[in-house]
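Now for the letters of each chain:
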Amino acid sequence: MKKVLILTGIIAMLLASFAIADDVVKIGVALPMTGNISSFGQMVWQGVELANEMFPTVLGKKVELVLGDTRSDKTEAANVISRLINLNNVVGILGEVASSNTMAGAPIAEKYHIPLLSPASTNPLVTQGKTYTSRVCFIDPFQGHVAAVFAIKNLKAKSAAVFTDVAQDYSVGLSNFFIKDFTAAGGVVYKEYYQSGDQDFSAQLTDALSHNPDVIYISGYYPEIALMAKQARQLGYKGPFLAGDGAEAPELVQIAGSAVNGLYYTSHFNAEHPVTKIGQEFVAKFEEKYHTSPSALAALGFDDYLVMLNAIERAGSTDPVKINEAIRSTKNFEGVTGYITIGSDGNAVKSAVINEVVNGQFTYVTTINP
Ligand code: PHE
C-alpha cells in the first residue's frame, strides 16, 4: 500500500512537471556577459530581451530564456552550451558572438541535435560541415572584400599595415580575406600580430609605421583596437584606421577617445539607417527602453531571437530537429539588419554597412550589397 502511494506520488509529480514544462518553450542564450569582450554579450542581450518583450510567445506558449555566461572564453562557451542542453533542456540556443567561442560550442550542439543560431559569428568555419549550427549574419570573405574595396576606392590606399589577433579565429580569417582582395588589386601589406589581452603594441606599431602605410587595418576586437589606435596616434600616425565588425562597442571610444576619430569599420547595421520597417520600429522601441541608440549587436540579437521564433512557428513543433530544418529554410525574413535568408549551409547572405567614428559617434557612411 505504502509503495503504491509513493508510486502515485511520483507519477503525480512527474505529470505536474510535464504540465509545467509543456507551458513554456525554453530557449538558451550563450553570451560573453563578463570577461574581455563582455560589451558584446551585453549588447546582444539588450536586443534579445527587447525582442522577447515584444514577442513573448510562440505556438501559444510562453518563451522562457535561459541565459548562460561564457565569460568570453572558449572552454566556458562549450560548458555553457552543454549545460543549456543537458540540464536546462532548451529546444534551441542563441549565441555565441566570437567565432572561436561558437566554434568551441558547436560540436556539442551537433552531438545532441540542438540548433545553435549565432547572431554574429562571421568566420566561415563556424558553420562549415555542420548541420545544427547556423547564423543570421554575413560571413568574413564578404566582410574582408568590402573592407579591401573601401580601402582602395574610398581611402585611396596603396599600402596597408594589417594587425591580426592570433588568438581569435575571426581575426585570423578576416585578415586573410582582406589581404587576399587588397593584394589582388595591387595593394601592398605589412603584417603584424598580437593576442587578445595584450596591452602594449609599440613594437609592432613602430615596425608597421616604418613602412609609412596608407591605412592600418585591425581585424580584432574593441579592447585591443582601442589601445592600439591610441598608441599609434602617440607614435605620430595621422592616417585612417580600418577594422571589422569587432570594433563596435562604447568602450572603443571610452578607451581611445579622439584617437579613433577617422576609424572606419564594416558592420551589420546603423541605427541612423534602418533598412526595413521592423528596423525602424526596433530603433524606436530600443530608444524608449534603453535611452540610447541600438548597436549592430543589439540589432543582431533581436534578429537572432526572431528568426528562432519564426522557425519554431513554421516547424509547428518544439522538436529541435524540426526547428533546425525550419531555421535552414528561412526565406526573406524581415529582420532589423535586413531580409534574412538562411541556406542549407547555415549561412545568411546580407548587405554590409560601413561606419566611421566621427567625434566619438558611430556615423553611417554607406551600405554595400553582396
Ligand atoms: N564577427 C565577430 C566574430 O565572428 C563577432 C562580432 C560581430 C563582434 C558583430 C561585434 C559585432 O567573432
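What you see is a predicted model; the values in this text were computed from it and never measured. (Residues numbered from 1 in each chain as written. Predicted model: local features only at pLDDT ≥ 70, side-chain atom pairs only at ≥ 80, totals over all residues. Heavy atoms only, no water.)

Of the strand pairs in this sheet, strand E7 (residues 159–165) and strand E8 (residues 188–194) are connected by 7 bridges, and their pairing is parallel. Along E8, the bridge assignment pairs Val162 with Lys191. Note that the unit made of E7, helix H6 (residues 169–184) and E8 has a crossover that is right-handed. (Pairing = 2+ DSSP bridges. Helix = DSSP H or I, 4+ residues; strand = E, 2+ residues; numbered from the N terminus. Right-handed = clockwise from strand over helix to strand, strands pointing away.)

What follows concerns the confidence of the model for the protein chain. Fine structural detail should not be taken from predicted coordinates in areas where pLDDT scores are low. Mean pLDDT over the protein chain: 95, with 94% of residues reaching 70 or higher. Contacts of residues 13–20 to residues separated by more than four positions or lying in other chains number 0 contacts, the stretch itself having pLDDT below 50. (pLDDT = per-residue confidence, 0-100. Contact = heavy atoms within 4.5 Å.)

In the vicinity of the ligand, 13 residues are found, and the nearest of them are Ser99, Ala120, Thr122, Tyr221 and Asp245. Measuring from an oxygen atom of the ligand, one finds a side-chain N or O atom of Ser99 at 2.5 Å. Between a nitrogen atom of the ligand and a side-chain N or O atom of Thr122, the distance comes to 2.8 Å. The fraction of the free accessible surface of the ligand (330 Å²) that becomes covered by protein chains is 99%. (Near = heavy atom within 4 Å. Polar contact = N/O pair within 3.5 Å; in protein donor to acceptor, adjacent residues only side chain to side chain. Areas by Shrake-Rupley, 256 points an atom, 1.4 Å probe, with all protein chains shown as cover.)

Attention shifts here to the sheet that holds strand E15 (residues 361–368). Taken together, 7 strands build an open sheet; the order of strands is E8-E7-E9-E10-E11-E14-E15 and the sheet is mixed. One side of each edge strand has no neighbouring strand; the edge strands of this open sheet are E8 and E15. For this sheet, the mean inter-axis angle between neighbouring strands, taken without regard to orientation, is 25°. (Axes fitted to C-alpha atoms, helices over the stretch in contact; angles between N-to-C directions.)

What follows covers the pattern of salt bridges. Under the counting rule described, the total for this entry stands at 5 salt bridges. In this structure, Arg71 and Glu76 form a salt bridge, with 3.8 Å as the shortest nitrogen-oxygen distance. Judged by its relative accessible area of 13%, Glu76 is buried. A salt bridge links Glu76 to Arg83; its shortest N-O distance comes to 3.7 Å. Sharing partners across several salt bridges, the network here consists of Arg71, Glu76 and Arg83. (Salt bridge = Lys/Arg side-chain N within 4 Å of Asp/Glu carboxyl O. Buried < 20%, exposed > 50% of the residue type's maximum accessible area, 1.4 Å probe, protein only.)

Before going further, it helps to spend a moment on the side chain of Asn52. Take Asn52: it is sitting in helix H2 (residues 38–54). With residues up to four places along the chain from it excluded, the contact list for Asn52 reads Val63, Leu65 and Tyr305.

Before going further, it helps to examine the domain arrangement of the protein chain. As assigned here, the protein chain comprises domain 1 (2–138 + 275–350) and domain 2 (141–267). Counting residues at the interface gives 19 residues for domain 1, matched by 22 residues for domain 2. Together, Asn36, Phe40 and Phe138 form the three largest contributors to the area buried by domain 1 at its contact with domain 2, with a combined 33%. Where domain 1 packs against domain 2, one counts 0 salt bridges. At the boundary of domain 1 with domain 2, the tally comes to 7 residue pairs in polar contact (both at pLDDT 80 or more). Among the secondary structure elements, those contributing two or more residues to the side of domain 1 that touches domain 2 are H2 and helix H4 (99–112). Classifying every residue of the side of domain 1 that touches domain 2 by side-chain character gives 9 nonpolar, 8 polar and 2 charged. (Domains from an automatic or database assignment. Buried area = accessible area lost by both parts, 1.4 Å probe. Nonpolar A, V, L, I, M, F, W, Y, C, P; charged D, E, K, R; others polar.)

Turning our attention to the sheet that holds strand E2 (residues 57–58). Strand order in the open sheet formed by 6 strands is E2-E3-E1-E4-E5-E6, with mixed pairing between adjacent strands. Either end of the sheet is taken by a strand with one partner, and the two such strands are E2 and strand E6 (133–135). Bridge analysis of strand E4 (residues 92–95) against strand E5 (residues 116–118) gives 2 bridges, and the strand direction is parallel. By the bridge assignment for E5, Ile93 is matched with Leu116.

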